[in-house]
Amino acid sequence: MKFSSLDGLRKQYDVVVVGSGLGGLTCANRLASVGHSVLLLEHHHRLGGLATWFRRGGHIFDVSLHGFPYGMVKTCKKYWGKAIRDCIVPLPKIVFDNPQFSLTTTFSKEDFIRLLQEEFGVASEAVHGFFACVDAMNFYDDQSMTTRELFEQFFPGRTDVHRLLMEPISYANGSTLDEPAITYGIVFSNFMNRGVYTFEGGTDKLIAMMAEELQNNGVTICTRAKVEQILLEEGATRGVVVNGTFIAAGAVVSNSGITNTIDQLAGREHFSAAFLAAFDKVEVNNSSCQVYFGIRRGESIPDIGDLLFTSTNRDFSSEEMRAMETGSRTFSVYYPKTRPDQPEDYTIVASMNANYADWSGLDEAAYQQAKEAMVERCLLDLERYLPGIRAKIDTIESATPVTFNRYTLHTRGSSFGTKFEGLEVSRALHRQMPGLFHVGSVGIIMSGWLGAINYGVIVANDVDGYLRSSS
Ligand SMILES: Cc1cc2nc3c(=O)[nH]c(=O)nc-3n(C[C@H](O)[C@H](O)[C@H](O)COP(=O)(O)OP(=O)(O)OC[C@H]3O[C@@H](n4cnc5c(N)ncnc54)[C@H](O)[C@@H]3O)c2cc1C
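For the structure given in this document, a descriptive report is provided here. (Residues numbered from 1 in each chain as written. Predicted model: local features only at pLDDT ≥ 70, side-chain atom pairs only at ≥ 80, totals over all residues. Heavy atoms only, no water.)

Digging into the environment of Val-291
1) Next: On the secondary structure map, Val-291 appears in strand 13 (residues 287-295).
2) Next: A sequence separation of 48 residues divides Val-291 from Asn-243, and the C-alpha atoms of the two residues are 34 Å apart.
3) Next: Apart from the residues lying within four places of it in its own chain, the contact partners of Val-291 are Ile-348, Val-349, Ala-350, Met-352, Met-374, Val-375, Cys-378, Ile-396, Glu-397 and Ser-398. (Helix = DSSP H or I, 4+ residues; strand = E, 2+ residues; numbered from the N terminus. Contact = heavy atoms within 4.5 Å.)

Quick look at the site of the ligand
1) Next: Every one of the 37 residues lining the ligand counts as a neighbour, but Glu-42, Leu-50, His-410, Ser-441 and Trp-449 are closest to it.
2) Next: Between an oxygen atom of the ligand and a main-chain N or O atom of Leu-22, the distance comes to 3.5 Å.
3) Next: Val-227 has a polar backbone atom sitting 2.9 Å from a nitrogen atom of the ligand.
4) Next: Protein contacts shield 96% of the accessible area of the ligand, which totals 1,000 Å² for the unbound molecule.
5) Next: Elements with a minimum of two residues in the shell around the ligand: helix 1 (22-33), strand 13, helix 15 (401-408) and helix 17 (448-470).
6) Next: Of the residues that constitute the shell around the ligand, the class distribution is 14 nonpolar, 21 polar and two charged.
7) Next: Mapping the shell around the ligand onto the domain boundaries places at least three of its residues in each of domain 1 (6-53 + 204-283 + 416-470) and domain 3 (286-408). (Near = heavy atom within 4 Å. Polar contact = N/O pair within 3.5 Å; in protein donor to acceptor, adjacent residues only side chain to side chain. Areas by Shrake-Rupley, 256 points an atom, 1.4 Å probe, with all protein chains shown as cover. Nonpolar A, V, L, I, M, F, W, Y, C, P; charged D, E, K, R; others polar. Domains from an automatic or database assignment.)

Some remarks on the environment of Phe-191
1) Next: With respect to the helices and strands, Phe-191 occurs in helix 8 (residues 181-191).
2) Next: Taking the relative accessible area as the measure of exposure, Phe-191 reaches 15% and is therefore buried.
3) Next: Separated by 190 residues in the primary sequence, Phe-191 and Asp-381 place their C-alpha atoms 26 Å from one another. (Buried < 20%, exposed > 50% of the residue type's maximum accessible area, 1.4 Å probe, protein only.)

Some words on the side chain of Thr-26
1) Next: Inspection of the secondary structure puts Thr-26 in helix 1.
2) Next: One polar contact links Thr-26 to Trp-80, side chain to side chain, over a distance of 3.2 Å.
3) Next: Dropping the residues within four chain positions of it, Thr-26 is found in contact with Trp-80, Ile-453, Gly-456 and Val-457.

Written out as structure tokens, the structure reads:
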């Protein structure tokens, strides 16, 4: 697909969207579809942000297509159209394997209720009480209770149950047991409810369909366009500077991380002391490591599940999950059904949570050595499920927090935006600086594919209201 060159841009747009993650893409599309002129600027050579893929050794590797909740069906149908919605299909086989339990689940509420009672022996009242409690949680509730306290209330001392309920959420958004239970409850109700879903055709197909929709709606798209500054003058947003050129806009939506947006793009000097005090408390979420394995064409592998949560660690620990030498990871197995229209291919992606600081301080030699050691740990783990797999692999690639930082510019390579407090700062931005908006992973609730798309819709409504009232 061909996008505009920086030279061919107009001098002024109603809205400039900085960044093409799912939040930025959705926001741009909504605003264009209600008649605003929209310019979308992306620093990378392709759209999608973390919703991305790459080609290596004849394989296509998906980076963040491990699974999303059923809510994507409704959201995509409403905001991206039926063709995209129709590619959303369930991932039927989710497997857990760790020293505390091994099981296979459909990841639905019914199946979790069954497992908790039949496999874990938890009393029916506790199980139903827990689900009633999380189902009733909403964003405006008291935030003082932590997830750890919530679990202890219903499943005291049952670290195995805590692990079953928490591990997938820790992978899905980096949250820990010590964060507000409300963030857990909302994400859990979304996620572990009607199963896990994926996009048939892969991330490349999704982003191509979205790009086509954006162009049909008149969005001007420019890739390899890194915004250097969001220009704020006399208490209002004036536009952006990209490659040294000023482009005027009535509103700017930043899909860059909230920390980048305020510290690097806008500049702290434009915000009040009270706002900055809240902003400085925002904690950036952890990053990720991944190892990608391509299986030689003509070889196949047996069905070991679509998504495998594996750990050799005795108990659940979010600190252990982020450690460099973690024994906890997910394997996403992409069978030929992932891309049914393409030649038969198998790929496997191992994903781990990770700390940016562990990787960013290494010199080149130590960094390469650490990557090789990580690949080997993943291979050893994979061989437990697929004996002899080494001989079938023809392509190996790996990514660390440094890689994620390089491609998305996110502070400390954050995979899941910020912790809970980031949402309030993101929402308050346009009240601090008229015409400046933020969209993208914040506050756990608004992260992940579904969260980012939903937030894109919310912010587009804010921007539309602002532009209409200011004209
Ligand atoms: C390894 C990994 C696995 C994941 N797995 C899943 C999963 O299975 N399911 C799920 O739902 N979610 C998953 N996620 C999370 C999900 O991918 C993200 O939460 C979501 O895609 C983020 O969307 P976003 O709108 O916040 O923008 P991002 O994807 O963060 O994109 C921001 C964009 O802004 C651009 N940008 C930044 N600064 C500038 C600038 N100055 N000028 C121009 N462009 C700029 C960046 O290049 C980037 O393209 C995963 C994330 C990671 C890292």
